[in-house]
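Now for the letters of each chain:
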Amino acid sequence: MEKIMFTQEAYDKLVKDLENLKNVERPRVLQELVDARAQGDLSENAEYHAAKERLAAIDNIEMPKLQDQLARAQVIAFDTNSDTIKFGATITAKNLKTKRDIVYQLVSPEEADALNGKISFKSPIGAALMGKKRGDTVEVVTPKGKNQFEIIDFK
C-alpha cells in the first residue's frame, strides 16, 4: 500500500471531514430520506431520489476515499534545522523576472492549493525547489514561460 505524505494540518482536516460525514452529513441525509419517503409515491418524489443519490455518494465515494487516504497517510513535519528544502517547508523566494517575493509551502498533490500558496512538491516549481539551499537560484518552465527564483529563506 503506497503511503501518501500529508502535513499535520491536512491530516487533521481529513479526520475532521470524515467525522463530519459520519456524524453530521450522513445522519442528516438519512433523515431527509425518511422524510421524503413519508410523502408517499416514490416514483415521482424528487426529494427522495436526491437524498438517495446523496447517501450513495457519501457511502460509496466520499467516505471510502477519506478512509483510504487516512489509512495510507504518513504525516511529515518539516525539520526546521534542515539546510535544504524538503516536503512541508515554507519557502520565500524572489521571482527574478518580476522582482516580487513569493511564498510557497510544499505539500502533497492531494492538499495543493495554489491560491493559498500551497503547491505540490511534485509540481514543476515544487520539484525545482526540493533539495535547494538559501541563496540558490532555480529555473522553472511554467505555462507562463521560463522563470527564475532566488531562494531567500525557508522554514
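Structure shown above.
These lines cover the structure that appears in this document, whether it is placed above or below. Source: prediction; values computed, not measured. (Residues numbered from 1 in each chain as written. Predicted model: local features only at pLDDT ≥ 70, side-chain atom pairs only at ≥ 80, totals over all residues. Heavy atoms only, no water.)

### Considerations on the pairing of strand β6 (residues 137-142)
Here comes step 1: Side chains Val138, Val140 and Thr142 of β6 all project onto a buried face; the interleaved residues Thr137, Glu139 and Val141 project onto a face where none is buried.
Here comes step 2: Here β6 runs beside strand β7 (residues 145-154); their pairing, made up of 6 bridges, is antiparallel. Of the residues in β7, the one forming a bridge with valine 138 is phenylalanine 149. (Buried < 20%, exposed > 50% of the residue type's maximum accessible area, 1.4 Å probe, protein only. Helix = DSSP H or I, 4+ residues; strand = E, 2+ residues; numbered from the N terminus. Pairing = 2+ DSSP bridges.)

### Describing the environment of aspartate 79
Here comes step 1: By the element assignment, aspartate 79 lies in the loop between β2 (73-75) and β3 (90-95).
Here comes step 2: The exposure class of aspartate 79 is partly exposed, given its relative accessible area of 41%.
Here comes step 3: Remark: the alpha-carbon pair of aspartate 79 and alanine 89, spanning 10 residues in sequence, is separated by 8.2 Å.
Here comes step 4: A polar contact of 2.9 Å, which involves the side chain of aspartate 79, links it to the backbone nitrogen of asparagine 81. (Polar contact = N/O pair within 3.5 Å; in protein donor to acceptor, adjacent residues only side chain to side chain.)

### Remarks on the nonpolar core
Here comes step 1: Core analysis: the biggest nonpolar cluster contains 19 residues, and Ile85, Ile91 and Leu129 have the highest contact counts within it.
Here comes step 2: Elements with a minimum of two residues in this core: β3, β4 (100-107), α3 (124-129), β6 and β7.
Here comes step 3: Discounting chain neighbours no more than four positions away, the residues touching isoleucine 91 are Ile85, Ile102, Val103, Tyr104, Leu106, Leu129, Ile151, Asp153 and Phe154.
Here comes step 4: Listed in part, the 17 residues of the second largest apolar core include Ala10, Tyr48, Ala51 and Leu55. (Core = buried A, V, L, I, M, F, W, Y, C linked by side-chain atoms within 4.5 Å. Contact = heavy atoms within 4.5 Å.)

### As for the sheet that holds β7
Here comes step 1: Here we have 5 strands laid out as an open sheet, ordered β5-β4-β3-β7-β6, and mixed in their pairing. The sheet terminates laterally at β5 (118-120) and β6, the two strands that pair on one side only. The mean inter-strand angle of the sheet, taken between neighbouring strand axes irrespective of direction, is 45°.
Here comes step 2: Here β3 runs beside β7; their pairing, made up of 5 bridges, is antiparallel. Note on β7: the bridge partner recorded for threonine 92 is aspartate 153. (Axes fitted to C-alpha atoms, helices over the stretch in contact; angles between N-to-C directions.)

### Looking at the packing of helix α1 (residues 8-37) against helix α2 (residues 46-72)
Here comes step 1: The contact between α1 and α2 brings their axes to 9 Å, and the two run at 160°. The orientation of α1 relative to α2 falls into the category roughly antiparallel. For the element pair α1 and α2, the recorded crossing hand is left-handed.
Here comes step 2: Its residues placed into classes, the contact of α1 with α2 shows 16 nonpolar, 2 polar and 11 charged. (Parallel < 35°, antiparallel > 145°, perpendicular 65-115°, else oblique. Left-handed = near helix turned anticlockwise from the far one by under 90°. Nonpolar A, V, L, I, M, F, W, Y, C, P; charged D, E, K, R; others polar.)

### Focus on the layout of surface pockets
Here comes step 1: A volume near 500 Å³ is recorded for the largest pocket.
Here comes step 2: As for the largest pocket, its lining consists of 21 residues, of which Tyr104, Ile125, Thr142, Lys144 and Phe149 are closest to the centre.
Here comes step 3: Those elements that provide at least two residues to the lining of the largest pocket are β4, β5, α3, β6 and β7.
Here comes step 4: Here the lining of the largest pocket is composed, by residue class, of 10 nonpolar, 6 polar and 5 charged.
Here comes step 5: The volume enclosed by the second largest pocket comes to roughly 340 Å³. (1 Å grid on protein atoms, 1.4 Å probe; cavity = no way out; pocket = protein on both sides within 12 Å on 5 of 7 lines; lining within 4 Å. Points joined across faces, edges and corners; volume = space filled by probe spheres on them.)

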